[in-house]
Amino acid sequence: MDTPFRKHVLLAICGGIAAYKSAELVRLLRKQGCEVRVVMTRSAREFVNPLTFQALSGNPVHTELLDVDEENAMGHINLARWADVVVIAPTTANTLAKCAHGLADDLVTTLFLAATCPVYMAPAMNQAMWNKAITQENIRKLENYGVNFIGPGSGDQACGEIGKGRMAEPAEICQRLLAEPRMTVLQSVKVLVSAGPTREYIASVRYITNRSSGKMGYALARAALQAGAQVSLVSGPVNLSSPAGLDIVNVETASQMYDAVLTRAVNADIYIGAAAVADYRPIAMEKDKIKKQADQTNLVLHKTKDILTDVARLNNAPFTVGFAAETNDLEVYAQEKLRKKNLDMIAANWVGQEQGGFDSEQNALEVFWDQGHASLAMTDKNQLAEQLINLIATRFNEKNRS
Ligand code: PMT
């Protein structure tokens, strides 16, 4: 069975000495959490035994276009549909030419025609074959049809010649594939993040606030963007510049944050409440400065509306992730908030300690969800945000696919 949120890479291997390098590519892709299925041409099998790729990918290797058993298990159309990305590595001059002319006489070329996802080719051939005008014309043609080329590199060739035509290194191919937008964990998912403190006015010149700098929430918005999401950020007053490419709404009070979040949450797929929203606000704001009078005075406070609870209560609520800022009994309080507010996930952090929490560059999180827990160790908030976004993406996709 598929692991829920692994990206699907279909690796097609053609017959060339560089086929042995593709074994390393499978290993690297799996290390990055990708699910890999391998297809081999007849001549590729002359260079490397399919068993190698079966063992490395953990999946059966597909070799025949018209094989009754394989067509039943995962036929060429199903394989093409399954893939988030197709990579042909190595691509020989022969397969390149067939693809450029729309021929489909084996499993690899048929898959190329059937694929609707992005296709990458990593050519490998003798330098004279690479430089031949017809090969270059085929490449231009394929580029015009949207095929992405990785390499080739130059240097010593297996045939003893020197020049361009060596297949790109597996690490380079892996890096290019991971940068493909379709491979990002939250591609086109709508993520709404709240960040920073709120200000609750006592009078026009005084307010109650807290020590939130907004760094955690901004780091999460940035990480969600990098993961391919469409991000909206509702921000309390902070001294941070907004990451480019997101929709930002600046608010000041808990009530303004409530309105801004609730209006957007109806269209969001994921809501992450990283803001330190005031739990109480003064019952009314004095228009003028309150003058110093008695030795003691009382301030009457009203509870603010809980944004997180109301987001989780929406019909078609987004996947809702809360934060818990605690000075003691972190797990007990976090689990209680997860349950009472009916959240999908909660990220709890210690506050009021020497390291982490409010206004610090670093943080650590204990993350809880129904029947699950992950500890994210103390690190820079940007790195921590990437880890949390990956965790959220995994749970979000698991929930959506179930
Ligand atoms: O901004 P930084 O300086 O980087 O600091 C990061 C942080 C410590 C502020 C952040 O990591 C964090 O913990 N944010 C949540 C702070 C908080 O208000 O925690 P809480 O345990 O009081 O609230 C629980 C959850 O309810 C939070 O998701 C909060 O956004 C939400 N809430 C609270 C009150 C309210 N009226 N509406 C809410 O939605």
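These figures come from a predicted structure and were not determined experimentally.

What follows deals with the domain arrangement of the protein chain. Segmentation of the protein chain into domains returns domain 1 (8–182) and domain 2 (190–401). Computed over C-alpha atoms only, the centres of domain 1 and domain 2 are separated by 45 Å.

Attention now goes to empty space enclosed by the protein. Sizing a probe to match a water molecule and rolling it over the atoms shows the empty space that remains. Applying the stated criterion to the full structure yields 1 cavity of 30 Å³ or more. Lining the largest cavity are Leu 10, Ala 12, Val 86, Ile 88, Val 108, Leu 111 and Phe 112. Where the lining of the largest cavity is concerned, the elements lending two or more residues are β1 (8–13), β3 (85–91) and α7 (107–114). Per element, the largest residue contribution to the lining of the largest cavity is 3 residues, and it comes from α7. Class assignment of the residues belonging to the lining of the largest cavity gives a composition of 7 nonpolar, no polar and no charged.

Another point: the sheet that holds strand β12 (residues 247–250). Each strand in a sheet pairs with another by means of backbone hydrogen bonds, the pair being arranged parallel or else antiparallel. A sheet is described by the order of its strands in space; here 8 strands give the open sequence β12-β11-β8-β13-β16-β17-β18-β19, paired in mixed fashion. The strands lining the two open edges of the sheet, one partner per strand, are β12 and β19 (372–380). On average, each strand axis in the sheet is tilted by 15° relative to the strand beside it, whichever way the strands run. Where helix α12 (residues 254–265) meets the sheet, it contacts β8 (190–195), β11 (230–235), β12 and β13 (270–273), and its direction lies at approximately 170° from that of β8.

We now examine the site of the ligand. In the vicinity of the ligand lie 29 residues, with Ser 212, Ser 213, Lys 337, Asn 349 and Asp 359 positioned nearest. Contact between the ligand and Lys 305: a nitrogen atom at 3.0 Å from a main-chain N or O atom of the residue. A distance of 2.7 Å separates an oxygen atom of the ligand from a polar side-chain atom of Lys 381. Bound to the protein, the ligand loses 95% of the 770 Å² it would expose on its own. Mapping the ligand onto the cavity grids shows that it belongs to the largest pocket. Of all the secondary structure elements, the ones that give two or more residues to the shell around the ligand are α11 (215–226), α13 (307–313) and β16 (319–326). Here the element with the most residues in the shell around the ligand is β16; it accounts for 4 residues.

We now examine the environment of Val 277. Positionally, Val 277 belongs in the loop between β13 and β14 (280–282). Each C-alpha atom of the pair Val 277 and Asn 210 lies 8.7 Å from the other, and the pair is 67 residues apart in sequence. Apart from residues lying up to four places away in sequence, Val 277 is in contact with Thr 198, Ala 254, Met 257 and Ile 307.

Before going further, it helps to examine a nonpolar patch on the surface. Taken together, the side chains of Ile 17, Tyr 20 and Phe 47 define a hydrophobic patch exposed on the protein surface, amounting to about 340 Å² of accessible area. As for its position among the elements, Ile 17 is in the loop between β1 and α1 (21–31).

The next point concerns unusual backbone geometry. Glycine aside, residues mostly have negative phi, and peptide bonds are mostly found in the trans state. At the junction of Ala 89 and Pro 90, the peptide bond is cis and its omega measures out at -5° in the coordinates. Checked against the element boundaries, Pro 90 lands in strand β3. A cis amide bond links Gly 151 to the next residue, Pro 152, at an omega of 5°. For Pro 152, the location among the structural elements is in the loop between β5 (148–149) and β6 (153–156). Positioned with a positive phi, Ser 188 is a non-glycine residue whose angle comes to about 65°.

Basis of the calculations
- Residues numbered from 1 in each chain as written.
- Predicted model: local features only at pLDDT ≥ 70, side-chain atom pairs only at ≥ 80, totals over all residues.
- Heavy atoms only, no water.
- Domains from an automatic or database assignment.
- 1 Å grid on protein atoms, 1.4 Å probe; cavity = no way out; pocket = protein on both sides within 12 Å on 5 of 7 lines; lining within 4 Å.
- Points joined across faces, edges and corners; volume = space filled by probe spheres on them.
- Helix = DSSP H or I, 4+ residues; strand = E, 2+ residues; numbered from the N terminus.
- Nonpolar A, V, L, I, M, F, W, Y, C, P; charged D, E, K, R; others polar.
- Pairing = 2+ DSSP bridges.
- Axes fitted to C-alpha atoms, helices over the stretch in contact; angles between N-to-C directions.
- Contact = heavy atoms within 4.5 Å.
- Near = heavy atom within 4 Å.
- Polar contact = N/O pair within 3.5 Å; in protein donor to acceptor, adjacent residues only side chain to side chain.
- Areas by Shrake-Rupley, 256 points an atom, 1.4 Å probe, with all protein chains shown as cover.
- Sits in = over half its atoms within 2 Å of the grid points.
- Patch = residues over 30% accessible without salt bridge, like charges linked within 9 Å, V, L, I, M, F, W, Y side chains within 5 Å.
- Salt bridge = Lys/Arg side-chain N within 4 Å of Asp/Glu carboxyl O.

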